[in-house]
Amino acid sequence: MGNDDHEAVFDCHELELEDEVVTFANGHGWREVNGHHQRDTHDTPFPIPLKRRTSSMSNKLLLNPAPLPTHPTPSLTSAWRPQYHLAAPWGWMNDPCAPYYDEETGLYHVFYQWNPWGVEWGNMSWGHAWSKDLVRWENEEEPVLEPVKEGGGWDSEGVFTGCAIRGGEEGLMTVAYTSVSALPIHYTLPYLRGCETLSIATSRDGGRAWVRDEGNPILTGPPEGVDVTGWRDPFVSEWGSMDRVLGRGEGRGGFLYGIVCGGIRDVGPNLFAYSIPKGDVRDWTYLGTLMDDESLPIGEGIPDVGQNWEVCNFFELEGECFIIAGAEGSTTPSPPPSSTSSVNGDADGGIPERPVRRALWISGSLVSTPAGPKWRTKAMGFLDHGLLYAANSFHDSQHDRRILWGWAPEDDCHLKRRVNEGFAGCLAVPRELFVKEVEGVSGTMGTWIGSDGMARTLGVRPVKELEGLRDNAKLTKLQDVIFATGNSTKLAEARTSQWELDAKIIIGKGCGKVGVRVGHTHDISVGMEVVYDLEKGVLFVQRERSTSSPEGIITSPDIGQLTLSTAEDGTLEALELRVLFDGSVMEVYANERFALTTRVYYSERNIKEAIDISVFAEPAGMADGVHGDGELEGSVEIGELNVWDGIGM
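This structure is a prediction, so every number in the text was calculated from the model and none was measured. (Residues numbered from 1 in each chain as written. Predicted model: local features only at pLDDT ≥ 70, side-chain atom pairs only at ≥ 80, totals over all residues. Heavy atoms only, no water.)

Peer 1: Help me understand the environment of Arg402, please; the structure alone is not making it clear to me.
Peer 2: Structurally, the position occupied by Arg402 is in strand E24 (residues 401-408). Put simply, Arg402 and Phe315 are 87 residues apart on the chain and 8.7 Å apart in space, counted from C-alpha to C-alpha. A distance of 3.1 Å separates the side chain of Arg402 from the side chain of Ser393, its partner in a polar contact. (Helix = DSSP H or I, 4+ residues; strand = E, 2+ residues; numbered from the N terminus. Polar contact = N/O pair within 3.5 Å; in protein donor to acceptor, adjacent residues only side chain to side chain.)

Peer 1: Would you mind going over the sheet that holds strand E20 (residues 320-328) with me for this structure?
Peer 2: Strand pairing in a sheet takes place through backbone hydrogen bonds and is either antiparallel or parallel in direction. If you trace the four strands from one edge of the open sheet to the other, you get E19-E20-E21-E22, paired in antiparallel fashion. Where the open sheet ends on each side, the last strands, each with one partner, are strand E19 (308-317) and strand E22 (372-382). Within this sheet the neighbouring strands show an average axis-to-axis angle of 30 degrees, counted without direction. Pairing geometry for E19 and E20, over eight bridges, is antiparallel. Residue pairing for E20: Phe315 is matched across the bridge by Phe322. (Pairing = 2+ DSSP bridges. Axes fitted to C-alpha atoms, helices over the stretch in contact; angles between N-to-C directions.)

Peer 1: Help me understand unusual backbone geometry, please; the structure alone is not making it clear to me.
Peer 2: Leaving glycine aside, a negative phi is the common case for residues, and trans is the common case for peptide bonds. Backbone torsion omega between Leu183 and Pro184 reads 5 degrees, so that peptide bond is classified as cis. Within the secondary structure, Pro184 is located in the loop between strand E12 (173-180) and strand E13 (196-203). A cis amide bond links Asn216 with the next residue in sequence, Pro217, at an omega value of -10 degrees. With respect to the helices, strands and loops of the structure, Pro217 is situated in the loop between strand E14 (211-212) and strand E15 (228-237). Positive phi values are uncommon outside glycine, yet Asp266 reaches one of about 65 degrees. Here Asp266 is to be found in the loop between strand E16 (255-264) and strand E17 (268-277). In this model, Asn591 sits at a positive phi of 55 degrees, which is unusual for a non-glycine residue. Residue placement: Asn591 occurs in the loop between strand E38 (585-590) and strand E39 (594-599). A residue is classified by how much of its surface remains accessible, and Asn591, at 4% relative accessible area, is buried. (Buried < 20%, exposed > 50% of the residue type's maximum accessible area, 1.4 Å probe, protein only.)

Peer 1: Just to check I follow, could you spell out the nonpolar core for this structure?
Peer 2: Generally speaking, nonpolar side chains in soluble globular proteins are found buried as a group. Counting 60 residues, the largest nonpolar core has Trp239, Leu271, Trp284, Leu290 and Trp309 as the members making the most contacts within it. If we ignore the near neighbours within four places in the chain, the residues touching Trp309 are Cys261, Gly262, Pro269, Asn270, Leu271, Met291, Leu296, Ala325, Gly326, Ala327 and Ile362. Listed in part, the 45 residues of the second largest apolar core include Leu86, Val135, Trp361 and Ala391. (Core = buried A, V, L, I, M, F, W, Y, C linked by side-chain atoms within 4.5 Å. Contact = heavy atoms within 4.5 Å.)

Peer 1: Please clarify how the pairing of strand E29 (residues 455-462) should be interpreted in this entry.
Peer 2: For a regular strand, the rule is simple: side chains alternate between the two faces of the sheet. Among the eight residues of E29, seven are classified as buried, and the element is accordingly described as predominantly covered. Across eight bridges, strand E27 (residues 431-438) lies against E29 in antiparallel orientation. The partner of Lys436 across the bridge, within E29, is Thr457. Of the pairings in the sheet, the one linking strand E28 (residues 448-449) to E29 comprises two bridges and is antiparallel in character. When the sheet's bridge partners are listed, Ile449 is paired in E29 with Ala455. In this structure, the hairpin formed by E28 and E29 is closed by a connection of five residues, where Gly453 is found at a positive phi of approximately 85 degrees.

Peer 1: When you look at empty space enclosed by the protein in this model, what are you seeing that I'm missing?
Peer 2: To locate leftover empty space, one rolls a probe as large as a water molecule over the atoms. In this structure the tally under the stated criterion is seven cavities of 30 Å³ or more. Taken as a whole, the largest cavity encloses approximately 290 Å³ of empty space. Taken together, 22 residues make up the lining of the largest cavity; nearest its centre are Met445, Gly446, Thr457, Gln561 and Arg593. For the lining of the largest cavity, the secondary structure elements donating two or more residues are E22, E27, E29 and E39. No other element matches E29, which puts four residues into the lining of the largest cavity. (1 Å grid on protein atoms, 1.4 Å probe; cavity = no way out; pocket = protein on both sides within 12 Å on 5 of 7 lines; lining within 4 Å. Points joined across faces, edges and corners; volume = space filled by probe spheres on them.)

Next up, the structure:
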């Protein structure tokens with residue numbers, strides 16, 4: 001919660017602070033309900049902690065209907081709060097903003113949407129963290145950009161998501177962001193022009209203090225004559241493909257390009273494109289929308305692109321062009337319905353609900369048309385098959401790689417349960433994106449065929465620096481363990497809430513499902529399962545027994561498609577799993593082309609008892625594991641399994 005001299009607790013409804021009288025309207029304020037920004041009208045159920053601002057900041061109090069509790073529950077606070085995942089010091093956290101690597105200082109930076117005044121969405125400001133190694137982070141204790149309430153200006157209701165603009169004056173850091181002057185904003189509501197504008201701010205001290213540009217807002221809203229569902233979250237970069245389409249040479253021209261995300265009502269999601277001369281990042285020339293009737297395929301097995309896009313990026317990897325997007329209004333629910341009750345209300349009727357949204361990647365190209373540059377899709381897939389959203393990426397010039405950040409929200413835990421934690425949301429670990437060759441899986445979702453005839457997809461893996469978290473952890477290492485289907489074998493224990501599992505599983509013929517049961521009790525009454533279903537070609541995390549106290553928690557499985565390749569001799573590709581667990585965050589990676597982020601909320605009792613890790617396998621319609629030629633079938637071999645317990649500690 002910060003230093004004691006920055007906090008005061010009152011339980012009155014009116015108080016005087018630095019000669020300013022502030023009246024509490026029963027704790028009323030803005031909150032997010034199923035993705036809608038709504039005025040809340042419930043009474044504050046406990047004393048409201050107010051943080052005294054430093055002299056350099058406005059003394060205007062920004063109130064939230066779910067303020068931080070006076071006394072968070074110590075045991076659950078220490079257990080549910082992630083330790084090696086980047087989180088705000090306290091309060092609500094969402095989208096990563098303006099990630100980049102500073103070549104002058106050797107520091108990685110990431111900003112993020114932050115409400116330091118409560119554990120619900122509201123009062124959108126920017127937090128700031130920096131690191132030398134992408135593993136150990138330092139966090140500002142106060143917002144570095146926050147709404148200017150006085151005068152009701154262009155960002156009086158929020159400093160929303162934005163990006164870094166590189167290549168400017170030495171020592172000067174520049175960001176573009178969505179400045180918000182009116183709420184609510186949602187793709188299902190009529191759009192109020194002027195509520196979202198585009199502004200710029202600069203910093204000369206490494207992102208700690210910011211100066212808003214005198215010309216703000218540099219764009220006053222979406223193009224005229226277009227009925228938009230949203231217009232926000234700018235992204236700016238060089239784009240060789242756009243240079244070529246516009247006849248500006250083979251990339252590395254004198255221009256940057258910007259996109260603003262949104263959609264067109266009754267049409268679908270879109271990107272509003274702009275050209276920006278490198279010499280003046282305030283000069284944005286509208287190029288048009290990038291999506292038309294031929295841009296985004298629709299059909300069975302293709303991810304639903306939703307109704308409105310948020311936090312989109314474009315970039316090029318190994319000659320391939322990509323767009324990543326947060327798709328609001330996808331008709332594909334996440335998580336999928338379960339056969340048993342898995343959305344659990346509490347005694348007071350509190351039922352959590354995930355907003356309908358997904359994080360997507362799309363590969364393709366830009367083409368020149370009479371209506372301007374347009375996008376043509378080659379392949380598309382999910383950036384993450386779980387709840388990760390608002391992904392933002394940057395080029396790491398130190399190692400010449402693309403790094404992705406994403407938000408891991410608390411949608412699966414009702415406010416009434418998480419309010420005692422004093423925080424909500426964190427970022428998933430930084431991930432590297434790359435083009436990955438895959439054999440024997442062409443024609444599946446998320447693959448394309450290159451000019452050399454090889455199938456490819458967008459690869460994903462945690463950045464290599466995270467292996468440093470293992471240095472002081474307890475390692476359990478196993479190799480060449482063979483067991484038959486129908487069996488479950490305990491292999492290791494994880495006694496802390498921060499652990500990593502790395503396994504290579506060789507699946508024999510006749511095996512229908514194989515999985516790793518993690519964090520479970522001896523009697524398996526509590527625990528999670530990471531399961532690969534060969535017949536359906538899906539990998540899922542089973543959470544329905546993840547806690548003995550499920551009230552107010554979603555425990556449905558999270559699921560995603562993963563097709564293992566088959567060699568010409570019939571050998572199945574090994575399943576390569578990597579699982580990261582941290583407090584309540586669980587990230588699953590498979591075969592460097594699958595990622596799934598989910599949340600697990602143990603009860604306090606489960607934290608001490610759910611420590612076992614085991615593997616299991618189920619046959620595919622065979623009672624005996626023996627084929628006619630005498631070959632053992634239905635067997636599973638653990639080629640290698642490593643468990644690091646206590647990583648990052």
